[in-house]
Amino acid sequence: MAPSNPLANWEKVGDSFYRKIPVYDAIFDEDVELENYIVVGAPYGGAIALYRDESKPFRLRDVQSSRSSIDVYSCSGKLINRINWESATIRGVGWSDKEELLVVAEDGTVRRYFGLDGEFTSFSLGNGAEEYGIRACQFWASGLVALLSNNQLIAISKYDEPRPKLLAPCPEGEVSSWSLIPPAHTLSRSVEVLLAVDKTIFLIDATEAEDNCLQDGPFKHVSVSPSGRFVAIFTSEGKLWVVSNDFQSKLSEYDSKSRVPPSTVNWCGDDAVILAWEDETHLVGPSGAASKYYYDGRVHVIPEFDGVRLITNDTCEFLHKVNDVTEEIFRMGSSSPASVLLDSVDQLEKKSPKADENIQRIRSSLPAAVDTCIKAAGHEFDTYWQKRLLKAASFGKSVLELYNSDEFVEMTEKLRVLTAARDYQVGLPISYAQYLRLTPEGLVERLISRHEYLLAIRVSEYLQIPADRIYVHWASQKVRVSTVDDEAVCKLIVQRLDGKPGISFELIAQAAYDEGRSHLATQLLNHEPRAGKQVPLLLNMEEDELALDKAIESGDDDLVNYVLRHLKSKLPLASFFRMINTRPMATALVETAARGEDTELLKDLFYQDDRTIDGSNVLLSEALREVDSQRKTEKLHLASRLLSDSKDPTVVLQQKLVTEASRLLKVQEALDKDLADHAEFFGLSLNETIYRLIRAGYGKRAHKMQSEFKMPEKTYWWLRLRAFVAKRDWGELEEIGKIKKSPIGWEPFYNEILGAGNTKLASVFVPKCTNLPVADRIEMWVKCGMIVKAGEEAQRAKDVNTLEHLRTKASGPAVTEIERMISQLRPRK
């Protein structure tokens, strides 16, 4: 086939060239009469939605056409989905930049369709939408603005978090046209609306409606450029004005010579405006220059940020401004280095020596020429010219000694992906500039939504991006449409996804559950390696025990606690306890959490498990924390009752201790009444009670309590010792020292008294420590400051070395005494 002429579809509009590229032909069947439909397209070469224009009469051909529907097609005319619409009258249809279809009904209901499969969520605009009704809607990438019949405006800034907000009150009058400025192009970073009312245009935001003070209305169309810098206005006299976004300066004017206003006014990129009537379009450039195109039938314009798509029953075309690099190469008479380089390829194929002459002529500009050819290849839709330009770039870089080929390789990859996406069967006529904005991941998402799984996988592998989402979407779709039994579907999916990294079986299982196939969802979840993904869905599916077991198997305490909290809030307490009784980890976590947060639950748990000692310990702990004496006693009584029926020796001992604690409280109450002005004893331990009594001088009462509560003698002596030392009752301690035997020995007396600073009294107890080694007693004498006494101990032990050491510590008469002892032990010569 002969190559196409690269200049065949170029039109000069003012100082710039525009070209209309035929992308697809014969796209719609004859029974789809586009003149009767409103057509709305998704950005980046996305799908197009068709729905009936209610203002036009139509003949009922069949049952299907009698029902209102929204048909979703690819740009190549392939029917993707048919959405039946039985709700209120449609007042607006738009697309998000993620190719989500938004449908707004007259009553303010908004449906947001995910992907292209017909699944949707809905929300209401509120704010009087149901009362006054929606008149029209305008959309941008992530939000919309609805115009009510009372001229009030309602804005949504995020489709995934819809929070309808009223904009500033609008002026009364007839609205002839309106448009919006997306938040990305406003100083306030909030959406602003241009509302043509009567003779002027108002700029409306969240706080005020500003009159731009125009006098030439009514304006039939208002359209904002993709960058937000310019506004196109079509007047009732058939003139197109292009003004700055502040309405302070008119940049150009064009007279269409038509009193009938165009059906649409859109921007073609940021430099030209396209006016579309039924079968005629005018492309108006910056200087008011225009080019006209005529069609056999109705033409629909779908704006893109870098051009427009023109849709008719027969063709899909892309009209855009010729890129600078493309113009540099192909412009008639061009002698640019890149154009010469492209010509060199022709000469090389003819084996003409002129190829080398051309290279030598542009040698100094050859790197730039190679770069230009690479970039120009990206902007071509025709594969012939893509290959020619890349061949020219390849020839040029082969001549250069040093050239980084990364950009060449990347462009080759991108063009292969773009060519595959533009294929008639896929129907994604995305331009190079759109592809850069959409990103490879975004393109893969669009292939997934069209169920082009094989192409999506190949693109992902080719561009080395993760393919797990493709496999998950395929499996989810297989679950939805499959009619075979659950085991067969599960086996097929697991076999196909075996070894694929990053696969989330939780999402596939969720799809199965949403389809009412709970058994299949459970089977699929068994293949999900991450328990944190399994458990929430299992809980939603009412598979409580399985969810708990999966959480326990994971060993993740937080996950188990999450399940336990869910089950506790959902199940009766008895059922909850029965479920955790056979699962020690769950029981332990409930017990741990209850100790700090819910002691009533803890008591119920111990009662259910017949753990009487643990239950009584909880009551004892509460009793210890209780301030009120009556409530403290009641808690102890309950603890005792809990233990009363058991014959277990351990439990019997526990009950005895609880009974003693109750008896101690009664004694302490009596002490507080008899001996104290306020509660000094109540709630103390037995040891602390006796200690305080001795220190307060009530030794007889302390001794009586020791006898009543059978306190061990050693414990009692320790309490006496510390109480007397604390009150500095040296006389009582001296009397005790006269006793021959102490149950705790005499060393504690020495240590406690010495620690209190009474070295003289402490020394009284040194001779009584007969069970200690001599060296220890010597050290005790030294600590009391009695060096001579220490020397006597050493002399009796005939330890000359220790005596000599003591001599170094001695002073005054003690030195003489120590030397005498040393001389007595040393043999005479």
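Along each chain, residues carry numbers from 1 onward, in the same order as the chain's sequence is written. Predicted model: local features are reported for residues with pLDDT of at least 70 only, side-chain atom pairs are reported and counted for 80 or more only, and whole-chain, interface and lining totals are derived from all residues. Note that water and hydrogens are dropped before the side-chain values are worked out from all heavy atoms of the structure.

Draft legend 1. Representation of the confidence of the model for the chain in the model. Each residue gets a pLDDT score, which is the predictor's confidence in that residue and runs from 0 to 100. Residues at a pLDDT of 70 or more form 89% of the chain, whose mean pLDDT is 86. Helix and strand assignments come from DSSP, with helices taken as H or I runs of at least 4 residues and strands as E runs of at least 2, each series counted from the N terminus. The spread of mean pLDDT over the elements of the chain runs between helix H1 (residues 63–66), the lowest at 46, and strand S24 (residues 272–276), the highest at 97. The contact criterion used throughout is that any non-hydrogen atoms of two residues lie within 4.5 Å. Here residues 62–66 is modelled with pLDDT under 50, and outside its nearest four sequence neighbours on either side it reaches 6 contacts, counting other chains as well.

Draft legend 2. View of the sheet that holds strand S21 (residues 239–244). By this definition, two strands are paired if DSSP reports at least two bridges between them. Taken together, the 4 strands give an open sheet; going across it, the order is S19-S20-S21-S22, and neighbouring strands pair in antiparallel fashion. Edge positions in the open sheet fall to strand S19 (219–224) and strand S22 (250–255), since each of these has one partner strand only. The mean angle between the axes of side-by-side strands here comes to 15 degrees, regardless of whether they run parallel or antiparallel. All axes are obtained by fitting lines to C-alpha atoms, using only the stretch in contact for helices, and the reported angles, taken between N-to-C directions, cover 0 to 180 degrees.

Draft legend 3. Representation of the sheet that holds strand S11 (residues 134–139) in the model. Pairing is antiparallel in the open sheet, where 4 strands are placed in the order S11-S12-S13-S14. In the strand order of this sheet, the two ends are held by S11 and strand S14 (165–166), each with one partner. Here 2 bridges tie strand S13 (residues 153–156) to S14, and the two strands are oriented antiparallel to one another. Within S14, the residue paired with Ala155 across the bridge is Lys165.

Draft legend 4. Quick look at the nonpolar core. Judged by nonpolar contacts, the single largest core of 92 residues is most densely connected at Leu341, Ile493, Leu497, Ile508, Leu524 and Leu564. With residues up to four places along the chain from it excluded, the contact list for Leu524 reads Val479, Cys490, Ile493, Phe505, Ile508, Ala509 and Ala512. Here, the term nonpolar core denotes a set of buried Ala, Val, Leu, Ile, Met, Phe, Trp, Tyr and Cys residues that are joined through side-chain atoms within 4.5 Å. Any residue under 20% of the maximum accessible area for its type is buried, any over 50% is exposed, and the rest in between are partly exposed; the area is computed with a 1.4 Å probe on protein chains only. Leu686, Leu761, Trp781 and Ala814 belong to the second-largest nonpolar core, a separate cluster that totals 46 residues.

Draft legend 5. Region of interest: a negative patch on the surface. What goes into a patch is any residue over 30% in relative accessible area without a salt bridge, connected to like charges within 9 Å or, for nonpolar side chains (Val, Leu, Ile, Met, Phe, Trp, Tyr), within 5 Å. In short, Shrake-Rupley with a 1.4 Å probe defines the accessible areas, and a residue's cover is counted only from the protein chains shown. We define a salt bridge as a contact between a side-chain nitrogen of Lys or Arg and a carboxyl oxygen of Asp or Glu at a distance within 4 Å. Counted as positive: Lys and Arg. Counted as negative: Asp and Glu, with His and the chain ends omitted from the count. Each charge is placed at NZ for Lys, CZ for Arg, CG for Asp and CD for Glu. There is a patch of like negative charges on the surface, built from Asp25, Asp279, Asp296 and Asp314. Tracing the backbone shows Asp25 in strand S2 (residues 16–25). Judged by relative accessible area, which is 54%, Asp25 ranks as exposed.

Draft legend 6. Spotlight on the packing of helix H16 (residues 544–554) against helix H17 (residues 557–570). Where H16 meets H17, the closest approach of the two axes is 8 Å, and the angle between their N-to-C directions is 160 degrees. Here H17 runs roughly antiparallel to H16, going by the angle between their axes. The crossing of H16 and H17 is left-handed. Within the contact between the two elements, H16 uses Asp544, Ala547, Leu548, Ala551, Ile552 and Ser554 and H17 uses Leu559, Val560, Val563, Leu564, Leu567 and Lys570. Roughly parallel refers to an angle under 35 degrees, roughly antiparallel to one over 145, roughly perpendicular to one between 65 and 115, and oblique to any angle outside these ranges. Should the near helix be turned anticlockwise from the far one by less than a right angle, the crossing is termed left-handed; should it be turned clockwise, right-handed.

Draft legend 7. Spotlight on the pattern of salt bridges. Inspection of every chain in the model, using the stated rule, returns 30 salt bridges. Arg91 is paired through a salt bridge with Glu106; the nearest N and O atoms lie 3.1 Å apart. Pair noted here: Arg91 is in strand S7 (residues 90–95) and Glu106 is in the loop between strand S8 (101–105) and strand S9 (109–114), with a separation of 15 residues, a long-range link. Given a relative accessible area of 29%, Glu106 falls into the partly exposed group. Residues joined in a network through salt bridges with shared partners are Asp346, Glu349, Arg388 and Lys391.

Draft legend 8. Up close: the packing of aromatic side chains. The criterion for an aromatic pair is that two Phe, Tyr or Trp rings (for Trp, the six-membered ring) have centres within 6.5 Å, with stacked assigned to planes under 30 degrees apart, edge-to-face to planes over 60 apart and tilted to the rest. The full count for this structure, using the stated rule, is 14 aromatic pairs. Judged by centre distance (6.4 Å) and plane angle (70 degrees), the ring pair of Tyr44 and Phe305 falls under edge-to-face. Of this pair, Tyr44 sits in the loop between strand S3 (37–41) and strand S4 (48–52) while Phe305 sits in the loop between strand S27 (300–304) and strand S28 (307–311), and the two are 261 residues apart along the sequence. Its relative accessible area of 14% is what places Tyr44 among the buried residues. Three or more aromatic residues link up through ring pairs in this structure, and these residues are Trp717, Trp746, Phe749 and Phe765. Placement of a charge over a ring requires the Lys NZ or Arg CZ to be within 6 Å of the ring centre, with the centre-to-atom vector within 35 degrees of the ring normal. Sitting over the face of the ring of Phe408, Lys397 holds its NZ or CZ atom 4.8 Å from the ring centroid. Across from the ring centre of Phe305, 3.7 Å away, lies the NZ or CZ of Arg437, which sits over that ring.

Draft legend 9. Representation of the environment of Ile744. Relative to the helices and strands, Ile744 is located in the loop between helix H27 (730–736) and helix H28 (747–755). Look at Ile744 and you get buried, because its relative accessible area is 14%. The contacts of Ile744, once residues within four sequence positions are left out, are Lys714, Trp717, Trp718, Leu721 and Phe749.

Draft legend 10. Molecular detail of helix H25 (residues 699–708). Buried within H25 we find Ala702, Met705 and Gln706. Looking straight down H25, one finds its buried side chains confined to an arc of 105 degrees; they lie on one side. Facing away from the buried side of H25 by over 90 degrees, the exposed positions are Lys700, Lys704 and Ser707. Downstream of H25 by one or two residues, Lys710 has phi in the positive range, about 55 degrees. Directions pointing from the helix axis toward each C-beta atom define the arc.

Draft legend 11. Fine view of the side chain of Thr312. Within the secondary structure layout, Thr312 lies in the loop between S28 and strand S29 (315–321). Setting aside residues no more than four positions away along its own chain, Thr312 makes contact with Ile27, Phe28, Leu34, Tyr295, Arg298 and Val299.

Draft legend 12. View of the environment of Glu441. Turning to its location among the elements, Glu441 is positioned in helix H9 (residues 432–449). Taking the relative accessible area as the measure of exposure, Glu441 reaches 43% and is therefore partly exposed. Taking the C-alpha atoms as reference, Glu441 lies 9.6 Å from Leu463; in sequence the two are 22 residues apart.

Draft legend 13. Structural view of unusual backbone geometry. Here the phi dihedral of Cys213 falls at roughly 60 degrees; this positive angle occurs in a residue that is not glycine. If you trace the backbone, Cys213 turns up in the loop between strand S18 (209–211) and S19. Judged by relative accessible area, which is 56%, Cys213 ranks as exposed. Notably, Phe247 is not glycine yet its phi reads approximately 60 degrees, a positive angle. Its place among the elements puts Phe247 in the loop between S21 and S22.

Draft legend 14. Broad picture of the environment of Lys500. Relative to the elements of secondary structure, Lys500 occurs in the loop between helix H12 (486–497) and helix H13 (505–514). For Lys500, a relative accessible area of 30% corresponds to the partly exposed category. Here the alpha-carbon distance between Lys500 and Asp468, two residues 32 residues apart in the chain, equals 7.2 Å. In protein, a polar contact means a hydrogen-donor-capable atom and an acceptor-capable atom, both N or O and within 3.5 Å, with residues adjacent in sequence counting only if both atoms are side-chain atoms; elsewhere, any N or O pair within 3.5 Å suffices. Only 3.4 Å separates the side chain of Lys500 from the backbone oxygen of Arg496, close enough to count as a polar contact.

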